[in-house]
Amino acid sequence: MSSSSMIPVANTGAPYSETTRFQVYTHRHLDKIKPLQKLTPEQRFEMEVVSNVLPFRVNDYVINELIDWNNIPDDPVFQLTFPQRGMLDPKDFDRMAELLKSGADRKQVNALAKEIQAGLNPHPAGQQEMNVPMLNGRPLEGMQHKYRETVLFFPSQGQVCHSYCTFCFRWAQFVGDKDLRFASNEADLLHAYLAEHKEVSDLLLTGGDPMVMKTRHLVNYLEPLLKPELEHVQTIRIGTKSLTFWPQRFVTDDDADELLALFEKLVKGGKHLAFMAHFNHWQEMETPIVREAIRRIRATGAIIRCQAPLVQHINDDPKVWERMWRTQVKLGMVPYYMFVERDTGAKRYFEVPLAKTYEIYRQAIQHVSGLARTARGPSMSAGPGKVEIQGITEFNGEKAFILRFIQGRNADWVQRPFFAKYDPEATWFDDLVPAFGQEKFFFSDEYEAMSQERGADVIY
Ligand SMILES: *Cc1c(COP(=O)(O)O)cnc(C)c1O
């Protein structure tokens, strides 16, 4: 992060970054990460224990240019990427620690890791069972079609990230269990499905991180969307953390210029290209190379929208969100969503009560101008849909959360307000019950019926 660490990059003369070669570290390479040697052997062993259960992957750019190693362990990017003891239940932690100390082999360690992972709700909100679309009677494995106008696509070459976030709700697909993975290498099937579904206006490319893919793969998936039979697909969204973890992708990588040319071609061809950037903290947006990457992407006509969950230890502070949203607007980006962290993985370490999350949102949004108030939330991606906490109210002496659907499994639910009993400890949608003497939420029966149809899976 210090300016002395920046060296000029030949083709532009601008001081970008000392890191140009992508060097990655996983749980097998913890001892190769130089700054970690500052920590005690005990702290390093704790990391080893946790990283045998939860995914860990970090690269030199994150280590050398994003983390302030004089602020360990509190540094937000350190918390974002490095395993911490509190991420595991103490009992699970002790079991794994003892097993490792006993000199157990890989097989035994993996077996215990699997057992612990299974107890961490690896597939929240029915992701796997309920949203798989069909083509000619066959399920399309690398896709989800949950909301009428938007299809999610998980390209098979994009199922990793340049680094892993410690709180990631997709953690299960990174720990090697093939059953838990969405994957597809079928660009043709994607285009065939879209051609049959004229109600789909948005394609959302996600992962992992689609930006780990070589440009030629992205061309395969995206360029055919310019064909007349896919004109109804107006918006292409790319969900990515690459601006944080590897902005070199857009500046100095071998195929960076071809990537930007693809973006430009899609925009010129009439598509709305929305680059959905995941930023958790303003500290991710301070290096010269990320600023150059943002500038180059925007120059193609793509729009950068920003989203992130609110999590303890990283951004549970209105000041952090305020500065993050201001920075985004200053750099020409659009704040889009604040998410509630999902009920999976290391949630015990990251979860924040809904009441507190809402209060952080409210305080942050009060202190920014209208251009940053485009951030919606806090939003929970739950089974029935995306539910936003709109406020906390009191009526006839009863306190309640005011909620609404931003997205609903039935589009007719969208935008209808409903109420849940105020509960200062609730951290997720499933903890909520109806307020004001009602037995059920207005959508409960219908959602229940939809959940029974598992296997059929087709809603549209
Ligand atoms: C959030 C989300 C979308 C997109 O919703 P928008 O409100 O259009 O941003 C689509 N599919 C799934 C499964 C989602 O969670």
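Asker: So what's going on with the side chain of Asp-60? Residues and values would help.
Answerer: Among the structural elements, Asp-60 can be located in helix H2 (residues 60-66). With no salt bridge to any partner, buried Asp-60 finds its closest opposite charge in Arg-21, at an N-O distance of 6.0 Å. In terms of polar contacts, Asp-60 uses its side chain to reach the side chain of Tyr-25, at 3.0 Å. The contacts of Asp-60, once residues within four sequence positions are left out, are Thr-19, Gln-23, Tyr-25 and Glu-65.

Asker: Go over the domain arrangement of the protein with me, naming the residues and quoting the values.
Answerer: Taken domain by domain, the protein holds domain 1 (23-118) and domain 2 (124-345). Its C-alpha centre places domain 1 at a distance of 27 Å from the equivalent point of domain 2. Listed by partner, the interface residues are 25 residues for domain 1 and 27 residues for domain 2. The largest per-residue losses of area from domain 1 upon contact with domain 2 belong to Arg-57, Tyr-61 and Leu-80, which jointly make up 35% of the total buried on that side. Between domain 1 and domain 2 we count 10 residue pairs in polar contact (both at pLDDT 80 or more) in total. Of all the secondary structure elements, the ones that give two or more residues to the side of domain 1 that touches domain 2 are strand E2 (57-59), H2, helix H3 (76-81) and helix H5 (106-118). At 5 residues, the largest contribution of residues to the side of domain 1 that touches domain 2 is made by H3.

Asker: Which residues make up the state of the cysteines, and what values go with them?
Answerer: Tallied over the full model, the rule gives 0 disulfides. Free of any disulfide, Cys-168 has its nearest neighbouring cysteine sulfur in Cys-165, separated by 6.2 Å.

Asker: Break down the sheet that holds strand E6 (residues 150-153) for me, with residues and values.
Answerer: Sheet strands pair via backbone hydrogen bonds, and the direction of the pair is either parallel or antiparallel. With mixed pairing, 11 strands are arranged side by side in an open sheet as E5-E6-E7-E8-E9-E10-E11-E12-E13-E14-E15. The strands lining the two open edges of the sheet, one partner per strand, are strand E5 (143-147) and strand E15 (417-421). Sheet twist, expressed as the mean angle between neighbouring strand axes with direction ignored, is 30°. Where strand E14 (residues 398-408) lies against E15, 5 bridges are found, and the strand directions are antiparallel. The residue bridging Ile-402 from the neighbouring strand is Phe-419, located in E15.

Asker: Run through the layout of surface pockets, naming residues and quoting values.
Answerer: Looking at the largest pocket, its volume works out to about 1,000 Å³. Surrounding the largest pocket, 44 residues form its lining, Phe-169, Arg-170, Gln-307, Phe-339 and Arg-342 being those nearest its centre. Secondary-structure elements contributing two or more residues to the lining of the largest pocket are E5, E6, strand E8 (235-240), strand E9 (272-278), strand E10 (303-310), strand E11 (334-340), strand E12 (376-382) and E14. Residues that form the lining of the largest pocket fall into these classes: 21 nonpolar, 14 polar and 9 charged. Here the second largest pocket defines a volume of roughly 390 Å³. Around the second largest pocket, the lining is made up of 21 residues, and of these His-27, Ser-51, Phe-174, Val-175 and Gly-176 lie nearest the centre. In terms of residue count, H5 provides more of the lining of the second largest pocket than any other element does, 5 residues in total. Tallied by class, residues from the lining of the second largest pocket come to 9 nonpolar, 7 polar and 5 charged. For the lining of the second largest pocket, the domains that each give at least three residues are domain 1 (23-118) and domain 2 (124-345).

Asker: Describe the confidence of the model for the protein, naming the residues involved and giving the relevant values.
Answerer: Chain-level pLDDT for the protein is 91 on average; 92% of the residues reach the 70-or-more range. Within the model, the stretch residues 1-11 combines pLDDT values under 50 with 22 contacts to residues more than four positions away or in other chains. The model gives residues 455-460 a pLDDT under 50, and that stretch makes 13 contacts with residues more than four places away or in other chains.

Asker: Before we move on, can you summarise H5 with the specific residues and values?
Answerer: Two residues of an α-helix separated by three or four positions point the same way, owing to the 3.6 residues in each turn. Taking 1.5 Å per residue as the helical rise, H5 with its 13 residues ought to reach 18 Å, and the 18 Å between its terminal C-alpha atoms agrees with that figure. Where H5 is buried, its residues meet helix H4 (90-101).

Asker: How would you sum up the environment of Tyr-25? Please name residues and give values.
Answerer: Relative to the helices and strands, Tyr-25 is located in strand E1 (residues 24-26). Its relative accessible area of 11% is what places Tyr-25 among the buried residues. Linking Tyr-25 and Arg-57, residues 32 residues apart in sequence, is a C-alpha distance of 5.6 Å. Setting aside anything within four residues of it in sequence, one finds Tyr-25 in contact with Lys-32, Ile-33, Phe-56, Arg-57, Val-58, Asn-59, Asp-60 and Ile-63.

Reading guide: rules and limits
Residues numbered from 1 in each chain as written. Predicted model: local features only at pLDDT ≥ 70, side-chain atom pairs only at ≥ 80, totals over all residues. Heavy atoms only, no water. Helix = DSSP H or I, 4+ residues; strand = E, 2+ residues; numbered from the N terminus. Buried < 20%, exposed > 50% of the residue type's maximum accessible area, 1.4 Å probe, protein only. Lys, Arg positive; Asp, Glu negative; His and termini not counted. Salt bridge = Lys/Arg side-chain N within 4 Å of Asp/Glu carboxyl O. Polar contact = N/O pair within 3.5 Å; in protein donor to acceptor, adjacent residues only side chain to side chain. Contact = heavy atoms within 4.5 Å. Domains from an automatic or database assignment. Buried area = accessible area lost by both parts, 1.4 Å probe. Disulfide = S-S within 2.5 Å. Pairing = 2+ DSSP bridges. Axes fitted to C-alpha atoms, helices over the stretch in contact; angles between N-to-C directions. 1 Å grid on protein atoms, 1.4 Å probe; cavity = no way out; pocket = protein on both sides within 12 Å on 5 of 7 lines; lining within 4 Å. Points joined across faces, edges and corners; volume = space filled by probe spheres on them. Nonpolar A, V, L, I, M, F, W, Y, C, P; charged D, E, K, R; others polar. pLDDT = per-residue confidence, 0-100. Expected span 1.5 Å × (residues − 1).

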